[in-house]
Amino acid sequence: MGKILTIHGGVPLEGTVRVGGAKNLVPKAMVAALLGGTPSVLRNVPEIKDVVVVRSLLEIHGVKVEQDPTTGDLTMDPTEVKTASNQAIDAHAGDSRIPILFCGPLIHSLGEAFIPDLGGCRIGDRPIDFHLEVLREFGAVVDKAPDGIRISAPNGLTGAKLSLQYPSVGTTEQVLLSAVRAKGVTEVSNAAIEPEILDLISLLQKMGAIISVHRDRVIRIQGVDQLTGFDHTALPDRNEAASWASAALVTKGDIFVQDAQQRDLTAFLHVYRQIGGEFEVKSNGIRFYHPGGDLNPLILETDVHPGFMTDWQQPLVVALTQAKGVSVIHETVYENRFGFTDALVRMGSTVQVHTDCLGSTPCRFGQRNFKHSAVVVGPAKLTGADIDVPDLRGGFSHLIAALAAEGTSRVTGIEIINRGYEHFMDKLQSLGANVELSN
């Protein structure tokens, strides 16, 4: 049995929270340390479970990891990298999909890599076939076994010309981490260009990688024989910033999100103001608040960057349950991201999910029976309920719905939230939330 979070709703969240380094960058930056011939230093590292998982995986592969007790900065020394046992990898990787990104760096260092069955949030299929196909294009041999997958390249990896079916963040990361030390030139078209991808490119350039980003989502990488370590400060987590912004709107609160950056939240800020939320951009962060009056319904489609990010969708749906009228949301990135709305319905919201594409953006999920569109009718009077967290962003969404609801909610499965939200209990309490954590 995990811990139970009891939430007494109806209290506006007010105060200041600081966002740390991006969850969607820091674990991948840690993996990149495997590529260097000297130690790397990573700064602005959040205390989240994904960091703990990747640190454990690095250590069982012989990487010496030290953390500054004051700043939290990580120093990673890969000079004695070694093969880890299948059992050790499996024991440390069960809750994360990050191990698939170890393949390229480990092949460059050891000639092979083993990947166990992968975990992660239950928000869509997210098959690793794209990753495996990329590795095959680089010349790797993929052998599937009952306990996982072994990938080897006796002759090393060789650059390739790749065209991704979809601008997948994970697959683009795989290309970058594999190509920087591959022989020859790699060109990938239809690549992801999220801020976290560009920050990873900046980090790899510090190591000595030769990478250029071109128009129309094309990235070119000239492989090099050796790389050095890096000293890099991770960009702030834009997804956590957007989550707290939605929390301010849902609870009719006022939250200053320290270190939030306007540049990486442009699409979110546009939609936030359309709904009726307000914000003030300051030199050290962004203040988000509910200005009073009715919230506005809208039609929204998620998309890859620079569109409205899928991770912003779930907390914002909770805000739309309080808007006056009918909102339509079309999810085009993950096919199963509306499962969290079942709890919102039990709390009093009117939300219907559909298999039809209720939007104009080209979508991979049309005619495939995935419930990837939602219609939300508001405003709804939310009441407390017993909730089990389904996934990271959905879980945070449940929390802010419970914080806005009348009465008491009991939330289980909150350990999932620790994957992406640093010190979220402390932050909730600092904002005035009436919450209790018990066994």
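Whatever comes next refers back to the structure up there.
Report follows, based on the coordinates. For every chain, the first residue of its written sequence is number 1, and the numbers climb from 1 along that sequence. Thresholds applied to this predicted model are a pLDDT of at least 70 for local features of residues and 80 or more for the giving and counting of side-chain atom pairs; totals over whole chains, interfaces and linings are not thresholded and use all residues. Based on all heavy atoms of the structure, the side-chain values leave hydrogens and waters out of the count.

## Quick notes on the pattern of salt bridges
Thought 1: Any Lys or Arg side-chain nitrogen found within 4 Å of a carboxyl oxygen on Asp or Glu counts as a salt bridge. Across all of its chains, the model carries 24 salt bridges by this definition.
Thought 2: A salt bridge links Glu 173 to Lys 28; its shortest N-O distance comes to 2.8 Å. Within this pair, whereas Glu 173 is found in helix H6 (residues 169-179), its partner Lys 28 is found in helix H1 (residues 26-32), the two being separated by 145 residues in sequence.
Thought 3: Among the salt bridges present, the one from Glu 240 reaches Lys 427, with a minimum N-O distance of 2.7 Å. Here Glu 240, found in helix H8 (residues 238-250), pairs with Lys 427, found in helix H13 (residues 424-430); they are 187 residues apart in sequence, far enough to count as distant.
Thought 4: Burial classes follow relative accessibility: with a 1.4 Å probe on protein chains only, a residue under 20% of its type's maximum area counts as buried, one over 50% as exposed, and anything between as partly exposed. Owing to a relative accessible area of 2%, Glu 240 belongs among the buried residues under this scheme.
Thought 5: The class of Lys 427 is buried, set by a relative accessible area of 8%.
Thought 6: A cluster of three or more residues bridged by salt bridges with shared partners is formed by Asp 254, Glu 280, Lys 282 and Arg 287. Secondary structure elements follow DSSP: runs of H or I of four or more residues count as helices, runs of E of two or more count as strands, with numbering from the N terminus.

## Quick look at helix H9 (residues 266-275)
Thought 1: Regarding H9, the residues found buried are Ala 267, Phe 268, Leu 269, Val 271, Tyr 272 and Ile 275.
Thought 2: Any two residues having at least one pair of non-hydrogen atoms within 4.5 Å are treated as being in contact. Looking at the buried residues of H9, the elements they touch are H8, strand E15 (278-282), strand E16 (285-289), strand E17 (299-301) and helix H10 (310-320).
Thought 3: Of the residues flanking the end of H9, it is Gly 276, one or two places downstream, whose phi is positive at about 125 degrees.

## Quick notes on the nonpolar core
Thought 1: In plain words, nonpolar cores are sets of buried Ala, Val, Leu, Ile, Met, Phe, Trp, Tyr and Cys residues tied together by side-chain atoms within 4.5 Å. By size, the foremost hydrophobic cluster in this structure holds 75 residues, and its most contacted members are Met 76, Ile 151 and Leu 204.
Thought 2: Examining the composition of this core, we find that six residues originate from one element, helix H2 (residues 49-60), more than from any other.
Thought 3: Among all residues touching Leu 204, those that are not within four sequence positions of it are Ala 32, Leu 35, Leu 176, Leu 177, Val 180, Ala 209 and Ile 211.
Thought 4: Formed by 70 residues, the second largest nonpolar core is a distinct cluster that contains Ala 245, Val 250, Leu 298 and Met 425.

## Quick notes on the environment of Glu 80
Thought 1: Mapped onto the elements of the fold, Glu 80 is located in the loop between strand E5 (74-77) and helix H3 (86-93).
Thought 2: As a C-alpha pair, Glu 80 and Gly 395 span 315 residues in sequence and 39 Å in three-dimensional space.
Thought 3: When near neighbours in sequence (up to four residues on either side) are disregarded, Glu 80 contacts His 61 and Gly 62.

## Here's the deal with the environment of Val 63
Thought 1: Assignment of secondary structure puts Val 63 in the loop between H2 and strand E4 (64-67).
Thought 2: Sequence-distant contacts of Val 63, defined by excluding residues within four places in its chain, comprise Leu 34, Leu 58, Met 76, Asp 77 and Pro 78.

## Focus: the sheet that holds strand E10 (residues 185-189)
Thought 1: Strand pairing is assigned whenever DSSP detects at least two bridges linking the two strands. Here we have four strands laid out as an open sheet, ordered E9-E10-E12-E11, and mixed in their pairing. The two strands at the open ends of the sheet, each matched to only one other strand, are strand E9 (161-163) and strand E11 (210-214). Averaged over all pairs of adjacent strands, the angle between strand axes in this sheet comes to 15 degrees, irrespective of strand direction.
Thought 2: Pairing analysis gives five bridges linking E11 to strand E12 (residues 218-222), with the strands arranged antiparallel. Within E12, the residue paired with Ser 212 across the bridge is Arg 220.
Thought 3: Lines fitted to the C-alpha atoms define the axes, with helices restricted to the stretch that makes contact. Angles between their N-to-C directions range from 0 to 180 degrees. The strands touched by H6 are E9, E10, E11 and E12; relative to E12, the strand with the most contacts, the crossing angle is about 20 degrees.

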